[in-house]
Amino acid sequence: MPADAANSYAGDISPDEAWDLLAGDPKAMLVDVRTVAEWNFVGTPDLRPLGKQALLVEWQGFPSAGPRPDFVATVERHFDDHGVPKDAPVVLLCRSGVRSRSAAIALTAAGFARAFNIENGFEGPLDPEGHRGGVDGWKARGLPWAQS
């Protein structure tokens, strides 16, 4: 990440802080930027207890290596369709917090004033055995999630 990237989005927040932000601000949105395969096979955040639903928009589709060119436009369209202003908080989530940081930077560059990255993402870092989901992240913190 370039040295100035840390100043080009609202910052990193923990999964618990993201939940509190989503619970406390009716306009706050969660955008899960993982792939369709991850949503289907690993699960998604369950925001039903908050009366909300996560917006699922791939940052990178599989097998392409780069960001989807319509990512920002898709998020903007969703915000517009739901009457959510660009200064509302948006928290971005991926597997481990890397893709979502890039997505937060892209949204900030597009005029979203409060784009946050959820540190450690949905599954967190690898444990000593090379597995995700038990050390940190949305799932390990015990926040609601669902699997199809």
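In the block above lies the structure referred to throughout.
All figures in this text were calculated on a predicted structure; none of them were measured in a lab.

### Re the overall build of the chain
Helices and strands together make up the secondary structure of the chain, namely four helices and seven strands. Shown N-terminal to C-terminal, the secondary structure of the chain runs as helices and strands in the order β-α-β-α-β-β-α-β-α-β-β. Here the C-alpha atoms of the chain give a radius of gyration of 14 Å, agreeing with the 15 Å that 2.2 N^0.38 yields for 148 residues. Seen along its three principal axes, the alpha-carbon backbone of the chain occupies a region of about 40 × 35 × 25 Å. Sequence-distant contacts in the chain: of pairs separated by 6 or more residues, those separated by 24 or more amount to 66%.

### Quick look at unusual backbone geometry
The backbone of Asn120 sits at a positive phi, close to 70°, despite the residue not being glycine. Looking at the element boundaries, Asn120 is found in the loop between β6 (115–118) and β7 (145–146).

### A short note on the sheet that holds strand β2 (residues 29–32)
If you trace the five strands from one edge of the open sheet to the other, you get β1-β6-β5-β2-β4, paired in parallel fashion. Among the strands making up the open sheet, the edge pair consists of β1 (11–13) and β4 (55–56). Bridge count between strand β5 (residues 90–93) and β6: three bridges; the pairing is parallel. Within β6, the position partnered with Val91 by the bridge is Phe116. Strand contacts of helix α3 (residues 71–81): β2, β4 and β5, with the helix running at about 150° to β2, the strand carrying the most contacts.

### Details of the nonpolar core
One finds Val31, Val33, Phe71, Val75, Val90, Leu92 and Leu107 to be the most contacted residues of the largest nonpolar core, which totals 20 residues. Only β2, α3, β5 and α4 (99–109) provide two or more residues apiece to this core. Filtering out sequence-adjacent residues up to four positions away, Leu92 remains in contact with Val31, Val33, Phe71, Ser100, Ala103, Ala104, Leu107, Ala115, Phe116, Asn117 and Ile118. With 16 residues, the next largest nonpolar core counts Leu22, Leu47, Leu93 and Leu143 among its residues.

### Some points on the packing of α3 against α4
Where α3 meets α4, the axes come as close as 10 Å, and the angle between the chain directions of the two elements is 70°. Looking at the two axes, α3 sits roughly perpendicular to α4. Between α3 and α4 lies a crossing whose hand is right-handed. Note on element contacts: α4 touches α3 through Ala103, Ala106 and Leu107, opposite Phe71, Val72 and Val75.

Reading the values: the criteria
Residues numbered from 1 in each chain as written. Predicted model: local features only at pLDDT ≥ 70, side-chain atom pairs only at ≥ 80, totals over all residues. Heavy atoms only, no water. Helix = DSSP H or I, 4+ residues; strand = E, 2+ residues; numbered from the N terminus. Rg over C-alpha atoms; globule rule 2.2 N^0.38 Å. Contact = heavy atoms within 4.5 Å. Pairing = 2+ DSSP bridges. Axes fitted to C-alpha atoms, helices over the stretch in contact; angles between N-to-C directions. Core = buried A, V, L, I, M, F, W, Y, C linked by side-chain atoms within 4.5 Å. Buried < 20%, exposed > 50% of the residue type's maximum accessible area, 1.4 Å probe, protein only. Parallel < 35°, antiparallel > 145°, perpendicular 65-115°, else oblique. Left-handed = near helix turned anticlockwise from the far one by under 90°.

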